[in-house]
Amino acid sequence: MNNIVAIVGRPNVGKSTFFNRLIQRREAIVDSVSGVTRDRIYGKSEWNGKEFSVIDTGGYIKGSEDIFEAEIRRQVELAIDEADAIIFVVDVEEGITPMDAEVAKLLRKVTKPVLLAVNKVDSASREKDAYEFYNLGLGEYFTLSGMNGSGTGELLDKLVEVLPELPETSDEEEQLPRFCVVGRPNAGKSSFINALIGEDRYIVTDIAGTTRDSIDTRFTKFGFDFNLVDTAGIRRKAKVKEDLEFYSVMRSVRAIEHSDVCILMVDATRGFESQDQNIFWLAQKNRKGIIILVNKWDLVEKETMTMREYELRIRKQLEPFTDVPILFTSTLTKQRLLKALEATVEVYENRKQRIQTSKFNEYMLNLIENFPPPALKGKYIKIKYCMQLPTPVPQFVFFANLPQYVKDPYKRFLENKIRENWNFTGVPIDIYIRDK
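Residues numbered from 1 in each chain as written. Predicted model: local features only at pLDDT ≥ 70, side-chain atom pairs only at ≥ 80, totals over all residues. Heavy atoms only, no water.

Draft legend 1. Region of the structure containing the overall build of the protein. Counting its regular elements, the protein contains 13 helices and 15 strands. A total of 436 residues make up the protein; the buried ones form 54% of that total. Accessible area of the protein: about 20200 Å², with a carbon and sulfur share of 48%. (Helix = DSSP H or I, 4+ residues; strand = E, 2+ residues; numbered from the N terminus. Buried < 20%, exposed > 50% of the residue type's maximum accessible area, 1.4 Å probe, protein only. Areas by Shrake-Rupley, 256 points an atom, 1.4 Å probe, with all protein chains shown as cover.)

Okay, here's the thing in structure tokens:
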């Protein structure tokens, strides 16, 4: 599990440019999904051998200038609650604005590490202009240019120095499967856990954001033994207003990163909305097992084929990764809850599955011979050997004479054939083509 670093500040100071520069250090866990408020909000970065997750709080501001301040204030408050360190980005061209002063006022009360980044400093004269940011009362500042990257090294050196050491997990905790319950606020996550463990361990109300902390519960009933994690919905009700997407994602990040399987709770009365998609892709890009529970099914008016149509609609939104279990549950009537647990355990087993290299070659090479990759520029691609990599998640490598000519559609074809022959339901698969 990684430390979380939040990038905060008012709009147009270059937070997203700085964020993109950070996550380019290694493959970012981001995706451009239609219907999602932003295409880039979450990524992973590494500096001096220390890995951390980065969250860009930009891009969530809606409406006119007069509500900007309240929106930014809420984002900064959430970042203070959830992140392990905060990078406050300001713009040297504009100097200190009233909104910067407001954010600084919030950050001065914080005990967590706060680094002040003065952006757009790309000349010596700008370096002098940065002195005024001492007036924010946050102490030392770092000058940088998100556009060309100058100065980011010094800031990151300091960041990895001040990030807290994460607690070591015990061997027993490490061995137990971790299933985290994620989803948008008020989808029934806490009710689901209460129904399973048979006691009101978590406070349940109709107010989105009742749950505040992610707490582990060891579940040992009905022959199961695993850790169940309830991700806190968002913040206490006083802080919850219109746009909940950012809060849902921020709350889910830590739990998703430190889990084996994510149980995504969807509110049947609201449908599979952009927030649900955002959390789904977050789990998928982190290569976690995923199961979708459409909760509150008892509140939906039933017609012929309603369940089937509902499921098809969700699968359409999940394309191309549609091999995911979707169950319709009710925590109130306890409908299909045990079936949901069985499906979750099955996804966990699928994720651990190892395929014998000889059997894998026997099946796949025969298939590839009958359906070879299409020739490109008159050159024929030959795949002579393939295997599953010894990684915690299912990854497969195919050795070819011209790997650069094997395109995504053929990789999807290979993935579909693997799924047809072996059960990887609910588990993302990686396909690599390498030079033989």
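Draft legend 2. A look at unusual backbone geometry. Omega for the bond connecting Glu319 with Pro320 falls within 30 degrees of zero, at 10°, which places this linkage in the cis form. With respect to the helices, strands and loops of the structure, Pro320 is situated in the loop between helix H10 (306–318) and strand S12 (326–328). We note that Lys296 has phi near 65°; this positive angle belongs to a residue other than glycine. If you trace the backbone, Lys296 turns up in the loop between strand S11 (289–295) and H10. Positive phi values are uncommon outside glycine, yet Arg336 reaches one of about 60°. On the secondary structure map, Arg336 appears in the loop between S12 and helix H11 (337–352). Overall, Arg336 belongs to the partly exposed group, its relative accessible area being 29%.

Draft legend 3. Local environment of the pattern of salt bridges. One pass over the full model with this rule turns up twelve salt bridges. Between Arg315 and Glu311 there is a salt bridge; the shortest N-O distance is 3.0 Å. Here Arg315 and its partner Glu311 are both found in helix H10, four residues apart, which amounts to about one turn of the helix. For Glu311, a relative accessible area of 16% translates into the label buried. (Salt bridge = Lys/Arg side-chain N within 4 Å of Asp/Glu carboxyl O.)

Draft legend 4. Fine view of helix H3 (residues 98–107). All buried positions along H3 are accounted for by Met99, Asp100, Val103, Ala104, Leu106 and Leu107. In a view along the axis of H3, the buried residues occupy a sector of 155°, so they form one face of it. (Arc of directions from axis to C-beta.)

Draft legend 5. Molecular detail of helix H5 (residues 152–162). Thr152, Gly153, Leu155, Leu156, Leu159 and Val160 are the residues of H5 that are buried. The buried residues of H5 occupy an angular sector of 155° when the element is viewed end-on, so they sit on one face.

Draft legend 6. The pairing of strand S13 (residues 383–388), seen in detail. Pairing of S13 with strand S14 (residues 395–400), which is carried by five bridges, proceeds in the antiparallel orientation. From the neighbouring strand, Ile383 faces S14, where its bridge partner is Ala400. Hairpin connection from S13 to S14: six residues lie between these consecutive antiparallel strands. (Pairing = 2+ DSSP bridges.)

Draft legend 7. Representation of the nonpolar core within the structure. Membership of the largest hydrophobic core comes to 53 residues, with the highest contact counts inside it found for Phe88, Leu107, Phe280, Ile292 and Val294. Ranked by residue count, the leading element in this core is helix H9 (residues 274–285), at five residues. Split by domain, this core shows at least three residues from each of two domains, domain 1 (3–162) and domain 2 (178–352). Membership of the second largest hydrophobic core comes to 24 residues, among which are Phe226, Ile291, Leu293 and Val427. (Core = buried A, V, L, I, M, F, W, Y, C linked by side-chain atoms within 4.5 Å. Domains from an automatic or database assignment.)

Draft legend 8. A look at the sheet that holds strand S15 (residues 430–435). Here we have three strands laid out as an open sheet, ordered S13-S14-S15, and mixed in their pairing. Of all strands in the sheet, those bounded by a partner on one side alone are S13 and S15. In this sheet, neighbouring strand axes are inclined to one another by 20° on average, regardless of whether the strands run parallel or antiparallel. Helix-sheet contacts for helix H12 (residues 357–370) involve S13 and S14, and the interaxial angle to S13 is about 140°. Helix H13 (residues 408–421) rests against S13, S14 and S15 of the sheet, and its axis sits at about 125° to S15. (Axes fitted to C-alpha atoms, helices over the stretch in contact; angles between N-to-C directions. Contact = heavy atoms within 4.5 Å.)

Draft legend 9. The arrangement of the confidence of the model for the protein in detail. For the protein, mean pLDDT is 77; residues scoring 70 or higher make up 79% of the total. A low-confidence stretch, residues 25–40 (pLDDT under 50), is modelled with 44 contacts involving residues beyond four sequence positions or located in other chains. Between residues 59–64, whose pLDDT stays under 50, and residues either more than four places distant or in other chains, the model counts 18 contacts. (pLDDT = per-residue confidence, 0-100.)

Draft legend 10. The packing of aromatic side chains, seen in detail. All told, the structure shown has 15 aromatic pairs when counted by the stated rule. Each ring, one from Phe179 and one from Tyr348, has its centre 5.9 Å from the other, and the planes form 70°; the classification is edge-to-face. Taken together, the residues span a long stretch of sequence, with Phe179 in strand S7 (residues 178–183) and Tyr348 in helix H11 at a distance of 169 residues. Of the aromatic side chains, those joined through ring pairs into one cluster are Phe360, Tyr363, Phe396, Phe398, Trp422 and Phe424. A cation over a ring is seen here: Arg313 above Tyr310, with NZ or CZ 5.3 Å from the ring centre. (Phe/Tyr/Trp six-rings, centres within 6.5 Å; stacked < 30°, edge-to-face > 60°. Lys NZ or Arg CZ within 6 Å of the ring centre and 35° of its normal.)

Draft legend 11. Seen up close, the side chain of Gln284. Examined against the element boundaries, Gln284 turns out to sit in helix H9. When sequence neighbours within four positions are dropped, the list of residues in contact with Gln284 reads Ile290, Phe321 and Pro428.

Draft legend 12. Quick peek at the pairing of strand S4 (residues 85–91). Across the seven residues that make up S4, a large majority, seven, are buried. Every second residue of S4 is oriented toward a common face, with Ala85, Ile87, Val89 and Asp91 on one face and Ile86, Phe88 and Val90 on the other, all of them buried. Alignment of strand S1 (residues 3–8) against S4, held across four bridges, turns out to be parallel. Note that in S4 the partner of Val8 across the bridge is Phe88. Crossover connection from S4 via H3 to parallel strand S5 (residues 114–119): handedness right-handed. (Right-handed = clockwise from strand over helix to strand, strands pointing away.)

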